[in-house]
Amino acid sequence: MLEHVPAWLGKALSDVRAGAEKLAIVRPELSPQGREFQWLALSSPAFADGARLPERFTADGTGVSPPLTWGSSPAGTASLALLVEDADAPALQPLVHAIVWGLAADAGRLAEGSIVADGPGTGSRDIGRNSFLREGWLPPDPPTGHGAHRYAFQLFALDAGAGDPGDSPGRGAMIEAMAGHVLAAGVVIGTYGRGEEALIGPDGALASA
């Protein structure tokens, strides 16, 4: 959709960005309450932290969600939740690209392509709504000329007191349900842009963004 924004407009909006300070992971109500902050070791076998997302995970490719892996959760973790946001969206708030609620505490991974619409929650895991109000993965689709965007994959370990955000939750319901119940969190950043040279990726290749 945003690939149709003219390059001149993308460049004109290059300074209009939501900002990393508005990502969910930095919100005070999502900090561990009364505990020392613990980090979850979140990563992806498909891209290095801070490196360019492979095209297949974006609107320029097949648009599947990337694989993620993480280390063990702290004691007391009842479930995990994933929120993916674009910190550089030309908007007042980060754009939501994915929500996964109710991951098992010992899940350890999400397979490539697994963030897809699942309808009303039928089990503990539920795929939430992205900023286009649709369930599933919203492939990165930054405006041409706007510069590289940072896509923050944020994983939260939650205690048993976390609320119920309802079926197919949105960002607001998710944050409300998690507030005061985060035991640990982790983040990995993938970048993507159009119309400029991309960052050097983990394979050492320099590709057009």
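Everything that follows concerns the structure shown earlier in this document.
No experiment lies behind these values; they were computed from the predicted model shown. Within any chain, residue numbers begin from 1 and follow the written order of that chain's sequence. Given that this is a predicted model, residues contribute local features only at a pLDDT of at least 70 and side-chain atom pairs are listed and counted only at 80 or more, while totals for whole chains, interfaces and linings are drawn from all residues. The side-chain figures draw on all heavy atoms in the structure; neither hydrogens nor water molecules are used.

Asks: Is there a simple way to think about the environment of Gln93 in this case?
Replies: Each helix is a run of H or I in the DSSP string that is no shorter than four residues. Each strand is a run of E no shorter than two, and both are numbered from the N terminus. With respect to the helices, strands and loops of the structure, Gln93 is situated in the loop between strand E3 (79–86) and strand E4 (95–104). For Gln93, a relative accessible area of 43% gives the class partly exposed. Gln93 sits 70 residues away from Leu23 along the chain, and the two C-alpha atoms are 8.3 Å apart. For the exposure calls, accessible area comes from a 1.4 Å probe over protein chains only, and a residue counts as buried if that area is under 20% of its type's maximum, exposed if over 50%, partly exposed in between.

Asks: I'm lost on the pairing of strand E7 (residues 149–158) in this one. Help?
Replies: A regular strand places its side chains so that they alternate between the two faces of the sheet. Among the 10 residues that make up E7, nine are buried, leaving the element largely enclosed by the rest of the structure. Here E3 pairs with E7 via eight bridges, running antiparallel. The residue bridging Leu80 from the neighbouring strand is Ala157, located in E7. Alignment of E7 against strand E8 (residues 182–192), held across 10 bridges, turns out to be antiparallel. Within the sheet, the bridge partner assigned to Phe153 lies in E8 and is Val188. At least two bridges found by DSSP between two strands is the condition for calling them paired.

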